[in-house]
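# Summary of structural features
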Amino acid sequence: VQLITSLGLFFLSFALGLLLVQLVWRLATERFPSWMLSVFLGAGVGAGVSSVLFTGDLFLRDATPVAPPTFLWVEAGLLLALLAGWVFLRRRGTPAPASSGGPVRLQPLFLLLCAAGFAGALIFFLQSSALRPVGDWDGWTLWDLHAKFLAFGGAGWKKIFTEPLHPDYPLLTSGFIARAWAVLGRDQTLVPIYTAALFLFGSIGLLMAVLKELRGWQTALLGGLILACSTGYTRLGADQYADVPVGFYFLAALGLLLLHDLRFPEKSLLFLLVGLCAGFALWTKNEGWLMLAALVFVRVSFQLRSRSFRKALPEWGFFLAGLAPLLLITLYYRSLAPANDMTAAPWKSLAQLADLSRYATVWNNLNQYLVALGKWKSGSVLFLLALFGLGMGLRLPAAERAPLALAGLTILVLVGEYFLTYILTPRDLLWHLQTSLDRLLMQFFPALLALIFLSIHLEPEKS
Amino acid sequence: VSSLLIRVRWYTFGLFRDPENATPPLMKRLPFFSKANLLILLLALFCLIEVAQAVDFSRPLLPSFEYDPFNEFHVLRRDFLCAKTELLKQKVDQVYFLPATQLAQRDLFFESYYVSYILNPEILVTGGPDSLFAVTVVEPENVKQLLRETPYTLVLECGNSRVVVLKKK
């Protein structure tokens with residue numbers, strides 16, 4: 001019964017996200033999105049919505065919900081409303097999603113290699129999860145521990161702020177786990193494991209969905225395969241670190257922007273989903289603020305320079321509408337929580353800006369960790385992809401250059417922000433770099449792969 | 001730069017891609033593979049090799065999460081949880097956990113934190129700071145010395161592990 005309840009809660013959240021993505025997309029573009037985009041984007045959006053409803057209920061009532069849990073009624077009501085809307089739009093008649101690739105003839109050997117690679121990634125994830133069911137350090141000392149306060153703390157959930165390690169961290173993953181634990185009445189190990197699987201395989205699937213929409217199956221399979229077989233990334237997911245979920249939402253926001261710019265440039269309503277995903281990144285990790293800043297800064301700068309900002313105002317309106325609920329809940333939580341350890345010594349941090357040796361240390365480590373991105377044993381995956389791109393040739397049609405350049409600049413600005421964070425950190429610099437830099441780079445790894453594979457000439461062979 | 005890049009590409013990948021539309025020599029001998037397909041297959045093969053190195057083929061490929069005999073976590077958790085009910089009844093000051101498994105490569109802080117915070121969340125969240133008792137994990141080689149020197153009040157046998165409860169008189 002516990003297993004069925006646990007999986008039932010998972011699918012309730014999944015159905016919510018799926019329908020929400022389908023409805024917004026249909027209203028924005030007059031078509032339903034492809035099944036792949038709906039499933040993988042919907043899984044993450046659903047987890048975010050469920051987490052916010054659970055924690056919102058907790059904040060409003062200042063106690064863990066008792067039976068009947070209010071948040072579940074709200075979720076069920078929302079699901080019914082979305083379902084009614086979906087049925088209504090379906091009956092009005094909708095053209096099938098546009099197929100970007102057409103009938104494609106893929107090599108059987110390539111498909112076999114892909115199947116074996118994806119199966120290998122799944123087995124590696126299961127083996128890692130069985131070895132460490134509560135994840136690695138951050139998994140159990142932060143996210144699972146916070147979930148325990150939220151699920152079982154009752155009115156005393158605020159004792160979370162006395163927890164010694166990072167009590168100010170946002171609660172998306174912890175809230176999603178706590179939602180299931182609160183209903184089950186115990187800390188079932190399966191819940192953080194399926195949460196980790198959702199975001200890990202969700203990221204791989206979402207990367208494939210974006211590439212499939214914009215290029216075709218061959219590009220999608222190869223991009224997804226690279227991410228799935230980057231065992232450093234898969235291991236990070238299985239270890240239940242929140243860098244994978246925050247990377248999922250960053251990929252979602254950037255991928256949706258690319259889909260808007262390259263496929264649906266006039267459909268401003270898509271920005272509702274972009275805002276929602278950027279907001280979920282805020283509610284997942286503090287790095288979400290840096291991601292939001294990079295996304296907004298690059299786009300607004302471009303629009304001001306090309307004098308198209310006024311024309312883009314509806315886009316920003318929808319973006320704010322999607323972002324606002326998440327911004328509110330994050331700011332409310334921050335107002336209760338103790339200050340972040342990074343702001344412990346502001347004057348010392350500012351003085352460090354003049355220390356040139358810190359720049360050299362961060363630069364050297366950044367290069368070192370970038371070369372090892374994805375932790376490939378056979379060598380550097382970025383070097384391998386550079387060789388591959390050189391062999392295949394680049395594909396940058398004039399109409400696509402600006403959107404792809406904007407996406408690239410967003411990642412670059414994000415790296416710059418991370419760089420500055422290390423310059424300012426009040427903690428021991430080497431310790432901080434060694435314990436976090438590889439994870440920070442993993443946060444934009446899926447988005448970087450999307451950009452790389454959109455730029456490589458990988459035309460599928462049409463039959 | 002453009003000319004140089006074309007030359008680099010021709011000399012490195014020239015077998016597959018000819019910048020001046022000449023027929024690549026190797027293609028005549030490999031009629032089944034186009035230049036692009038060969039590169040794609042190679043990249044996919046690299047991926048497969050990468051993930052194959054990470055999978056542990058000596059373990060079950062589809063492991064059981066509940067009864068994995070390889071998993072020391074389950075042994076630790078089961079042993080500690082069996083003592084939890086008894087611990088919750090007692091107003092204890094200090095608990096020593098003597099795990100049966102050898103906890104190699106993990107320091108004592110890690111294990112203490114792990115047992116205190118993860119295995120007994122009810123103790124952590126339902127009581128005030130006063131009701132929080134510390135749990136110390138003792139390495140197997142130090143067990144005898146601890147039992148000799150500590151004025152313990154209760155020893156709970158749990159699975160293959162022992163939980164020593166220290167309660168002030």
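Located above this text is the structure these notes cover.
Along its length, chain B carries seven helices and four strands. Sequence-ordered secondary structure for chain B, helices as α and strands as β, is α-α-α-α-β-α-α-β-α-β-β. Relative to its full complement of 169 residues, chain B shows a buried share of 41%. The long-range fraction of contacts in chain B, counting pairs at least 24 apart against all pairs at least 6 apart in sequence, stands at 58%. Here chain B displays about 10200 Å² of accessible surface, and carbon together with sulfur accounts for 58% of that area.

Our next topic: the overall build of chain A. The helix and strand inventory of chain A stands at 19 helices and zero strands. Since a compact globule built from 463 residues should have a radius of gyration of about 23 Å, the 22 Å found for chain A is in line with a globular shape. Here the C-alpha coordinates of chain A stretch approximately 65 × 60 × 50 Å along the principal axes. Within chain A, buried positions represent 60% of all 463 residues. Long-range contacts, defined here as pairs at least 24 residues apart, represent 83% of the contacts in chain A between residues at least 6 apart. For chain A, the computed accessible surface area is about 17600 Å², with 70% contributed by carbon and sulfur atoms. Computed over 34 positive and 25 negative side-chain charges, the separation of the two mean positions in chain A equals 7 Å.

Here we come to the packing of aromatic side chains. Residues and elements named next belong to chain A. For the coordinates displayed, the defined rule picks out 20 aromatic pairs over all chains. With a centroid separation of 5.3 Å and an interplanar angle of 45°, the aromatic rings of Y249 and F280 are classed as tilted. Here Y249, found in helix α10 (residues 243-262), pairs with F280, found in helix α11 (residues 270-282); they are 31 residues apart in sequence, far enough to count as distant. Each member of the pair, Y249 as well as F280, is classed as buried.

For the rest of this paragraph, the subject is the packing of helix α4 (residues 108-131) of chain A against helix α9 (residues 231-238) of chain A. Residues and elements named next belong to chain A. Where α4 contacts α9, the two axes come as close as 9 Å, and the packing angle between them is 40°. In this view, α4 runs oblique relative to α9, as classed from their interaxial angle. Crossing of α4 against α9: the hand is right-handed. From α4, A121, F124, F125, S128 and S129 reach across to α9, where they touch T231, T234, R235, G237 and A238.

In this section: the packing of helix α12 (residues 287-305) of chain A against helix α13 (residues 313-336) of chain A. Residues and elements named next belong to chain A. Axis separation between α12 and α13 bottoms out at 13 Å; the angle between their running directions is 160°. By the criterion of interaxial angle, the relationship of α12 to α13 is roughly antiparallel. The hand of the α12/α13 crossing is left-handed. Contacts from W289, L292, V296, R299, V300 and Q303 in α12 reach E315, W316, F319, L323, L327, T330 and L331 in α13. Residue composition of the contact of α12 with α13, grouped by class: nine nonpolar, two polar and two charged.

All names here are of chain A. In this structure, D438 sits in helix α18 (residues 429-443). Of note is the side chain of D438, whose polar atom sits 3.0 Å from the side chain of K375. In contact with D438, other than residues within four places in its own chain, are Y369 and K375.

This part is about the pattern of salt bridges. Residue and element names in this part refer to chain A. By the definition in use, this model includes twelve salt bridges over all chains. Put simply, R179 and E75 hold a salt bridge, and the shortest N to O gap is 2.7 Å. Here the residue R179 occupies a position in helix α6 (residues 172-184), and E75 occupies one in helix α3 (residues 70-91), the gap between them amounting to 104 residues. Classification of R179 as buried rests on a relative accessible area of 0%. Residue E75 is classed as buried on the basis of its relative accessible area of 0%. For D261, the salt bridge goes to R299, with nearest N and O atoms at 2.8 Å.

This brings us to helix α16 (residues 381-392) of chain A. Residue and element names in this part refer to chain A. Helix length check: α16, at twelve residues, gives a terminal C-alpha distance of 16 Å against a target of 16 Å (1.5 Å per residue), a fit within 8%. All buried positions along α16 are accounted for by V381, L384, L385, F388, G389, G391 and M392. Down the axis, α16 shows its buried residues gathered within 160° of arc, on one side only. Put simply, S380 is the residue that caps the front of α16, since its side-chain oxygen is 3.4 Å from the backbone nitrogen of L382. Positive phi appears at G393, one or two residues downstream of α16, with a value of about 95°.

This paragraph deals with the environment of Q53 of chain B. Tracing the chain through its elements places Q53 of chain B in helix α3 (residues 35-54). With residues near it in sequence (within four places) discarded, Q53 of chain B still touches K377 and S378 of chain A.

Let us look at a nonpolar patch on the surface. Taken together, the side chains of W347, L350, L353 and L420 of chain A present a nonpolar region at the surface, about 450 Å² in accessible area. Secondary-structure assignment places L420 of chain A in helix α17 (residues 398-424).

Let's shift gears to helix α19 (residues 445-455) of chain A. Buried residues dominate α19 of chain A, accounting for ten of its eleven residues. Considered for burial, the residues of α19 of chain A that qualify are F445, P446, A447, L448, L449, A450, L451, F453, L454 and S455 of chain A.

This brings us to unusual backbone geometry. All names here are of chain A. Residues other than glycine seldom take positive phi values, yet E30 does so here, at roughly 70°. Relative to the assigned elements, E30 resides in the loop between α1 (2-29) and α2 (35-61). Phi at K375 is positive, roughly 50°, even though this residue is not glycine. On the secondary structure map, K375 appears in the loop between α15 (356-371) and α16.

What counts and how
- Residues numbered from 1 in each chain as written.
- Chains lettered and ligands numbered in written order.
- Predicted model: local features only at pLDDT ≥ 70, side-chain atom pairs only at ≥ 80, totals over all residues.
- Heavy atoms only, no water.
- Helix = DSSP H or I, 4+ residues; strand = E, 2+ residues; numbered from the N terminus.
- Buried < 20%, exposed > 50% of the residue type's maximum accessible area, 1.4 Å probe, protein only.
- Contact = heavy atoms within 4.5 Å.
- Areas by Shrake-Rupley, 256 points an atom, 1.4 Å probe, with all protein chains shown as cover.
- Rg over C-alpha atoms; globule rule 2.2 N^0.38 Å.
- Lys, Arg positive; Asp, Glu negative; His and termini not counted.
- Charge placed at Lys NZ, Arg CZ, Asp CG, Glu CD.
- Phe/Tyr/Trp six-rings, centres within 6.5 Å; stacked < 30°, edge-to-face > 60°.
- Axes fitted to C-alpha atoms, helices over the stretch in contact; angles between N-to-C directions.
- Parallel < 35°, antiparallel > 145°, perpendicular 65-115°, else oblique.
- Left-handed = near helix turned anticlockwise from the far one by under 90°.
- Nonpolar A, V, L, I, M, F, W, Y, C, P; charged D, E, K, R; others polar.
- Polar contact = N/O pair within 3.5 Å; in protein donor to acceptor, adjacent residues only side chain to side chain.
- Salt bridge = Lys/Arg side-chain N within 4 Å of Asp/Glu carboxyl O.
- Expected span 1.5 Å × (residues − 1).
- Arc of directions from axis to C-beta.
- Patch = residues over 30% accessible without salt bridge, like charges linked within 9 Å, V, L, I, M, F, W, Y side chains within 5 Å.

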